Amino acid sequence: MGRLDKFRSSPVPALRQSPPALPTRTAGGGSSTAERIAGIRGARFAIALDATASMGGLIEMAKGALSEIISRVFKEAGRKIEVQLLVYRDYDMGAQLVEMGPIASDPEPLIKWLAKIVVNGGAGNGGEAVEAGFERLLSAPVFDAVLIAGDEPSHSRTGLNNLGRRDAPTARDLARQLRERGGPVHAFVVGDDPRTVRDFEAVSAAGGGHCGRLDGSAAMID
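Cut-offs applied
- Residues numbered from 1 in each chain as written.
- Predicted model: local features only at pLDDT ≥ 70, side-chain atom pairs only at ≥ 80, totals over all residues.
- Heavy atoms only, no water.
- Helix = DSSP H or I, 4+ residues; strand = E, 2+ residues; numbered from the N terminus.
- Buried < 20%, exposed > 50% of the residue type's maximum accessible area, 1.4 Å probe, protein only.
- Contact = heavy atoms within 4.5 Å.
- Areas by Shrake-Rupley, 256 points an atom, 1.4 Å probe, with all protein chains shown as cover.
- Core = buried A, V, L, I, M, F, W, Y, C linked by side-chain atoms within 4.5 Å.
- Pairing = 2+ DSSP bridges.
- 1 Å grid on protein atoms, 1.4 Å probe; cavity = no way out; pocket = protein on both sides within 12 Å on 5 of 7 lines; lining within 4 Å.
- Points joined across faces, edges and corners; volume = space filled by probe spheres on them.
- Nonpolar A, V, L, I, M, F, W, Y, C, P; charged D, E, K, R; others polar.
- Axes fitted to C-alpha atoms, helices over the stretch in contact; angles between N-to-C directions.
- Expected span 1.5 Å × (residues − 1).
- Salt bridge = Lys/Arg side-chain N within 4 Å of Asp/Glu carboxyl O.

Novice: Hey, could you run me through the overall build of the chain in this one?
Specialist: The number of helices and strands found in the chain is nine helices and six strands. Every one of the 222 residues in the chain was classed for burial, and the buried ones make up 49%. Residue pairs at least 24 apart in sequence account for 77% of intrachain contacts in the chain once pairs closer than 6 positions are excluded. Looking at the chain as shown, the accessible area adds up to about 9,900 Å², and 50% of this sits on carbon and sulfur atoms.

Structural data, given as structure tokens:
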């Protein structure tokens, strides 16, 4: 399994502006999400990753960080946890638009599944199908928290209309549903695209979560 120092060394450009703070930590050392989950017999998280052509580095980073993230949640929540992995692409990918992996409480099957994921697609239309990933998660069991990471924004209302998806909800609409159904939606920006920063800030705000930078830092893991 990858080491966090290897994860930190991956070439991820810094944001041009400082992202909002990640979930705050309390004097007791636990994050607000972990503290909430401490009162639950078991907890389930979903991690949704952009798997379009530009995101090969993200998949590699995720392999290196999963063990650390899961270990931290085990330690701080003090409960059994399960993690669901999902990758999303864009509407040019047809049947490969969204792929959902296993739900597991051990990082090994998750890393093995990620190893088989091929980054592909991305139509250069100003967004990726974040909303399609959220729709799939809403059809799965309830999650106590959802984390999403990518370098392109979700499709706007206008963008979805142009794609012939006039009745489809936006990522912000679906983030609100995920929050109301289970728990917060946290977003991580890869790269420095200001459109993505703005969109992910709005999506995480709608989902009752926080927006930050996927850089492998201790703050990100927190």
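Anyway, onward from the coordinates.
Novice: Can you walk me through the nonpolar core in this structure?
Specialist: In a soluble, globular protein the nonpolar side chains are often hidden away together inside. Counting 27 residues, the largest nonpolar core has Tyr88, Val130, Phe134, Leu137, Val146, Ile148 and Phe200 as its most contacted members. Of all elements in the fold, only strand E1 (42-50), strand E2 (80-88), helix H5 (130-138), strand E4 (145-150), helix H7 (171-181), strand E5 (185-189) and helix H8 (194-206) reach the threshold of two or more residues within this core. Ala43, Ile59, Leu85 and Trp113 belong to the second-largest nonpolar core, a separate cluster that totals 25 residues.

Novice: Is there a simple way to think about the pairing of E2 in this case?
Specialist: Regular strands place side chains that alternate from one sheet face to the opposite one. For E2, a buried count of seven out of nine residues is recorded, marking the element as mostly surrounded by other parts of the structure. The sheet contact formed by E1 and E2 spans nine bridges and is parallel. Paired with alanine 48 across the strands is leucine 86, a residue of E2.

Novice: Looking at this structure, how should I read empty space enclosed by the protein?
Specialist: Space left empty within the atom packing is revealed by a probe, the size of a water molecule, rolled over the atoms. This model, assessed by the stated rule, comprises two cavities of 30 Å³ or more. Roughly 40 Å³ of internal volume is contained in the second largest cavity. Surrounding the second largest cavity, Val142, Phe143, Val146, Leu178, Arg181, Gly182 and Gly183 form its lining. Taken together, the residues that form the lining of the second largest cavity break down as four nonpolar, two polar and one charged.

Novice: Would you take a moment to explain the sheet that holds E4 for this structure?
Specialist: Within a sheet, adjacent strands bond to each other through the backbone by hydrogen bonds, running parallel or antiparallel. Pairing within the open sheet is mixed, and its six strands lie in the order E3-E2-E1-E4-E5-E6. In this open sheet, the two edge strands, each paired with only one partner strand, are strand E3 (98-104) and strand E6 (211-213). Adjacent strand axes in the sheet meet at a mean angle of 20° when their direction is disregarded. As paired strands, E5 and E6 are joined by three bridges and run parallel to one another. Note on E6: the bridge partner recorded for phenylalanine 188 is glycine 212. Each of E2, E4, E5 and E6 is contacted by H8, which is oriented at about 170° to E5, the strand it contacts most.

Novice: I'm lost on H8 in this one. Help?
Specialist: Every α-helix carries 3.6 residues per turn, so stepping three or four residues along brings you back to the same face. Given a rise of 1.5 Å per residue, 13 residues ought to cover 18 Å, and the 18 Å separating the end C-alpha atoms of H8 matches this to within 8%. The complete set of buried residues in H8 reads Thr196, Val197, Asp199, Phe200, Val203, Ser204 and Ala206. For H8, the secondary structure elements touched by its buried residues are E2, H5, E4, H7, E5 and E6. Immediately downstream of H8, the backbone of glycine 208 shows phi near 70°, a positive value.

Novice: Got a minute to help me understand the environment of valine 146 in this structure?
Specialist: Here valine 146 shows up in strand E4. Taking the C-alpha atoms as reference points, valine 146 and isoleucine 47, 99 residues apart in sequence, are found 5.9 Å from one another. Apart from residues lying up to four places away in sequence, valine 146 is in contact with Ala46, Phe134, Leu137, Leu178, Pro184, Val185 and His186.

Novice: Got a minute to help me understand the pattern of salt bridges in this structure?
Specialist: Should their charged atoms come close, side chains of opposite charge can pair. By the definition in use, this model includes eight salt bridges. The salt bridge partner of glutamate 99 is arginine 89, with a shortest N-O separation of 2.7 Å. Note that glutamate 99 is positioned in strand E3 and arginine 89 in the loop between E2 and E3, a separation of ten residues in sequence. Accessibility expressed as a relative area gives 25% for glutamate 99, which makes it partly exposed. Each of Glu152, Asp193 and Arg195 takes part in one network of salt bridges that share partners.

Novice: What should I look at first to understand the environment of glycine 209 in this one?
Specialist: In this structure, glycine 209 sits in the loop between H8 and E6. When its relative accessible area of 17% is taken as the criterion, glycine 209 is described as buried. Along the sequence, glycine 209 and alanine 187 sit 22 residues apart, while their C-alpha atoms lie 7.6 Å from each other. Residue contacts for glycine 209: discarding those within four places in its chain leaves Pro184, Val185, His186 and Ser204.

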